[in-house]
Every structure is written in C-alpha cells, then in structure tokens.
Amino acid sequence: MVGARHTDENWRVSSADPARSTPATDVPPAILELARTARRVTVLTGAGMSQESGVATFRDAVTGLWSNVDPNDFATPEAWHRDKPAVNAWYLWRVHLVREAEPNAGHLALAQWAARPGMTLRIVTQNIDDLHERAGSSVFAHLHGSLFAWRCDRCGTAAPTPAPPTEPLARVDPQECQACPQGDIRPGVVWFNEMLPTEPFTDAAQACQSADLVLVVGTSGVVQPAASLPHLAGARGIPVIEIDPRETEFTYAATHSWRATAAQALPALVAALG
Ligand code: APR
C-alpha cells in the first residue's frame, strides 16, 4: 500500500466530486509544497503522457490501440512468429506516427524541471516513443523498450530503424539481419509474454525507492511489473502524486491524485515552482 491516503478533501480535485473540482491547472497546494521541497524526483510515465501529442493510448475505450486491434495479433512473440510482415507493418506505421508527433507541454515541463539547480529528476517510462528525449530530457529507463531500437530476432544484433511507409500498410516484409543468416529485424519493444530487460527495471525500482517524491503520469496501472513501481516508493513512505484525468488502479494508493492531463498539470506545476 503506497502511503496512507489523506482524508482531507480540500486539496483533492478528484472525480469523486466534479462539482467541487477546481480547474485542472490550479496546482493543489499540498502537491506544490511537495514539489517545492523535492530534490530527487522520479516520474513514471505512461501512454497518457503522449496523448496530447496525438499518440494514441492503449486502453481508451474509443481511441485506444487495444480497443481497435487485438494485442494477441500484434504485441506478442507468438504473433511475430505467426505473421512477421503484419506485425512489422504495424510497428513501422507507429514509427511514422511518432515521427509526425511533437513533444507536448508536459514533456517540455519535465525537461525544464530537471534543469532546475539542485534537481535530480529521473524519468522512467513505459512509452516506446522518443518524445521525452525530443523534449530535451534524458530517460533513466525505457521499461518497455523503444520504437527506435530495432534488432535481430535471432542474434540480437542492433539494426537501424527501417524507413516507415508513408501510408498504413497491412504487410511489410521484415529486413534481414546483416549479422546472422536466418534472423529478421524486429522492433525493440517488450511484447506481452516477454520478460522486461532486467537493468532498466532494476534501475527504475532503485529510482523509485531513493526518490523524495514520485510522480505517476498518464498510466492506467494495469500492466505489471511496471505497475508495482510506485508501490515500492509508498512502502517507504515516499509521497506519490498521480496525474491523470481519470481514476486509475493507482488512485487508491496515491498520496495525492490530480485530475488533470499531463500537458495541463506539469507546466502549471513547474511554473508554480517559480
Ligand atoms: N494526460 C494524462 N493522462 C492521460 C491523458 C492525458 N492527456 N490521456 C489519457 N490519460 C490516461 C488515461 O486515463 C489512462 O489512465 O493515461 C492512461 C493510459 O493508460 P493505458 O492506455 O493503459 O496506457 P499505459 O498505462 O501506458 O499502458 C501500459 O500496456 O499495452 C501495454 O506496453 C504497453 O506500455 C504499455 C502498457
């Protein structure tokens, strides 16, 4: 259980009482106070972080990727071995879409916060896009890999990101590995049923346990083991702030839960730090 949940309703702009909710950009005083005194901040981000850049989330009922395609057909090693051209084409189109996108005000605000004197701000992301980096942030851990780290599915040799098509295609044959005879070049993302790379996860756990403040931005909290990370912080009494326009699996455990979007809340918070 992440810290004890405050019963003080004054700061909560929760969905529990929308009539009483304050504008999303009004920084709740308790959250501002924590951010003001924090020097080692770890930020866990999910797909919601990039939603305002036009990159679809996974579980939104209408626009979510998994609401439109079956992850068993595109996001498992079994799907890859069943139909490489279809999976390859799907990820190449996501490469195209992410390249078309721009970091939003939330990404930029995190980069600004990290640049403040005396700050150690670590970004741990589940996202496979490069929008944090393009906003000027260095990402401490990419838990689920990257759309820009392709490799051979046999020998593991890294390969350049293939050129994506300019329109969505149903099938694109994967490129052949230049280092081994039978390998095909696959996207460097972590699929369901695959183990997370150990080092990024261990680094992320350490970053959550050694922080003096943890932020959870734009993740539904349903995918393990990433979803366990904020609880590691809470178990040590480290405050955890959730930023999400909707309640999530974390909300009950968050020290503070702020009903706002990433591009609303983070710039307002960093601006309020003065
Ligand atoms: N700002 C902040 N949060 C937002 C925004 C926004 N603009 N828009 C949506 N959200 C929130 C949603 O309310 C939801 O809680 O972002 C969350 C997105 O949840 P998911 O779609 O489940 O994405 P995520 O939690 O990142 O998924 C975890 O699942 O499919 C796998 O590997 C994939 O990394 C992914 C993992």
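To start, this report covers the structure provided alongside it.

About the cut-offs
- In every chain, residue numbers begin from 1 and rise along the written sequence.
- Restriction of local features to residues with pLDDT of at least 70 applies here, the model being predicted, together with a cutoff of 80 or more for giving and counting side-chain atom pairs; totals for whole chains, interfaces and linings are based on all residues.
- Processing note: side-chain calculations cover all non-hydrogen atoms of the structure and skip hydrogens and water entirely.
- Three exposure classes are used, based on accessible area relative to the maximum for each residue type with a 1.4 Å probe and protein chains only: buried under 20%, partly exposed in between, and exposed over 50%.
- In this text, helices come from DSSP runs of H or I with a minimum length of four residues, and strands from runs of E with a minimum of two, each type numbered from the N-terminal end.
- In short, DSSP must find at least two bridges between two strands for them to pair.
- Any Lys or Arg side-chain nitrogen located within 4 Å of an Asp or Glu carboxyl oxygen qualifies as a salt bridge.
- A molecule or strand has a residue near it when one of that residue's heavy atoms lies within 4 Å.
- Definition of a polar contact: a pair of N or O atoms within 3.5 Å, with one able to donate and the other able to accept a hydrogen when the atoms are protein atoms, and with sequence-neighbouring residues admitted only if both atoms are side-chain atoms.
- Accessible surface area values rest on a Shrake-Rupley calculation with a 1.4 Å probe, where residue burial reflects the displayed protein chains alone.
- In this classification, Asp, Glu, Lys and Arg are treated as charged, Ala, Val, Leu, Ile, Met, Phe, Trp, Tyr, Cys and Pro as nonpolar, and every other residue, Gly included, as polar.
- Here, two residues are considered to be in contact whenever any of their heavy atoms come within 4.5 Å of each other.
- Think of each axis as a best-fit line through the C-alpha atoms, taken over the contacting stretch in the case of a helix, with angles from 0 to 180 degrees between the N-to-C directions.
- Expected helix span is taken as 1.5 Å per residue step, with the number of steps being one fewer than the number of residues.
- Residues belong to one nonpolar core when they are buried, are Ala, Val, Leu, Ile, Met, Phe, Trp, Tyr or Cys, and are joined through side-chain atoms within 4.5 Å.

### Focus: the pairing of strand β6 (residues 185-189)
The side chains of a regular strand alternate, residue by residue, between the two faces of the sheet.
Then comes step 1: Most of β6 sits out of view: five of its five residues are buried.
Then comes step 2: Where strand β4 (residues 145-152) meets β6, four bridges bridge the pair, whose relative direction is antiparallel. When the sheet's bridge partners are listed, S146 is paired in β6 with G188.

### Thoughts on the pattern of salt bridges
Then comes step 1: Here the structure, examined in full by the defined rule, presents nine salt bridges.
Then comes step 2: When the shortest N-O distance is used, the salt bridge between D60 and R246 registers 3.7 Å. Within this pair, whereas D60 is found in the loop between α2 (48-51) and α3 (65-68), its partner R246 is found in the loop between β8 (240-243) and β9 (256-258), the two being separated by 186 residues in sequence.
Then comes step 3: Look at R246 and you get exposed, because its relative accessible area is 52%.
Then comes step 4: R82 serves as the salt-bridge partner of D73, at 3.7 Å between the closest nitrogen and oxygen.
Then comes step 5: Classification of R82 by relative accessible area gives exposed; the value is 55%.

### A word on the site of the ligand
Then comes step 1: The local shell around the ligand holds 22 residues, among which R59, W66, T219, S220 and D244 are the closest.
Then comes step 2: S220 is positioned with one of its side-chain polar atoms (N or O) 2.6 Å from an oxygen atom of the ligand.
Then comes step 3: At a separation of 2.7 Å, an oxygen atom of the ligand approaches a polar side-chain atom of D244.
Then comes step 4: For the ligand, the protein covers 93% of the area, taking 740 Å² as the surface of the free molecule.
Then comes step 5: Of the residues in the shell around the ligand, the class split is seven nonpolar, eleven polar and four charged.

### Some points on the sheet that holds strand β5 (residues 158-159)
Then comes step 1: Taken in spatial order, the three strands make up an open sheet running β5-β4-β6, and their pairing is antiparallel. Of all the strands in the sheet, the pair left with one neighbour each is β5 and β6.
Then comes step 2: Of the strands in this sheet, β4 and β6 are in contact with helix α6 (residues 84-100), which crosses β4 at around 140°.

### Here's the deal with α6
Then comes step 1: With 17 residues, α6 ought to run about 24 Å at 1.5 Å a step, and its terminal C-alpha atoms sit 24 Å apart, in line with that.
Then comes step 2: In terms of burial, α6 is a largely internal element, 14 of the 17 residues being buried.

### Some points on the nonpolar core
Then comes step 1: With 29 residues, the main nonpolar core has V41, W113, L215, L266 and L269 as its most contacted residues.
Then comes step 2: Sorting the residues of this core by element identifies α1 (29-37), β1 (40-45), α7 (105-114), β2 (120-125), β7 (213-217), β8 and α11 (262-272) as the ones contributing at least two each.
Then comes step 3: It is α11 that provides the largest number of residues to this core, a total of six residues.
Then comes step 4: Setting aside residues up to four positions removed in sequence, V41 forms contacts with W113, M119, T120, L121, R122, D212, L213 and L215.
Then comes step 5: Within the second largest apolar cluster, 27 residues are counted, among which are W90, V95, V98 and A159.

### Structural notes on the sheet that holds β8
Then comes step 1: The sheet built from six strands is open, its strands ordered β3-β2-β1-β7-β8-β9 with parallel pairing. Looking at which strands have only one partner, the edges of the open sheet turn out to be β3 (139-142) and β9. Ignoring which end each strand starts from, the neighbouring axes of this sheet average 20° apart.
Then comes step 2: Judged from the five bridges that link them, β1 and β7 form a sheet pairing that is parallel. The residue bridging T42 from the neighbouring strand is V214, located in β7.
Then comes step 3: Sitting on the sheet, α7 touches β1, β2 and β7, and the angle it makes with β2 is about 145°.
Then comes step 4: Seen against the sheet, helix α9 (residues 198-209) touches β1, β2, β3 and β7 and runs at an angle of roughly 130° to β3.

### Thoughts on the environment of R36
Then comes step 1: Mapped onto the elements, R36 comes out in helix α1.
Then comes step 2: By relative accessible area, which is 39% here, R36 ends up partly exposed.
Then comes step 3: If sequence neighbours within four positions are ignored, R36 has contacts with A272 and L273.

### Overview of unusual backbone geometry
Then comes step 1: Residue P225 is reached from Q224 by a cis peptide bond, and omega for that bond is 5°.
Then comes step 2: A positive phi angle is found at N193, which is not glycine, with a value near 70°.
Then comes step 3: Relative to the helices and strands, N193 is located in the loop between β6 and α9.
Then comes step 4: Residue classification places N193 among the exposed positions, given a relative accessible area of 62%.

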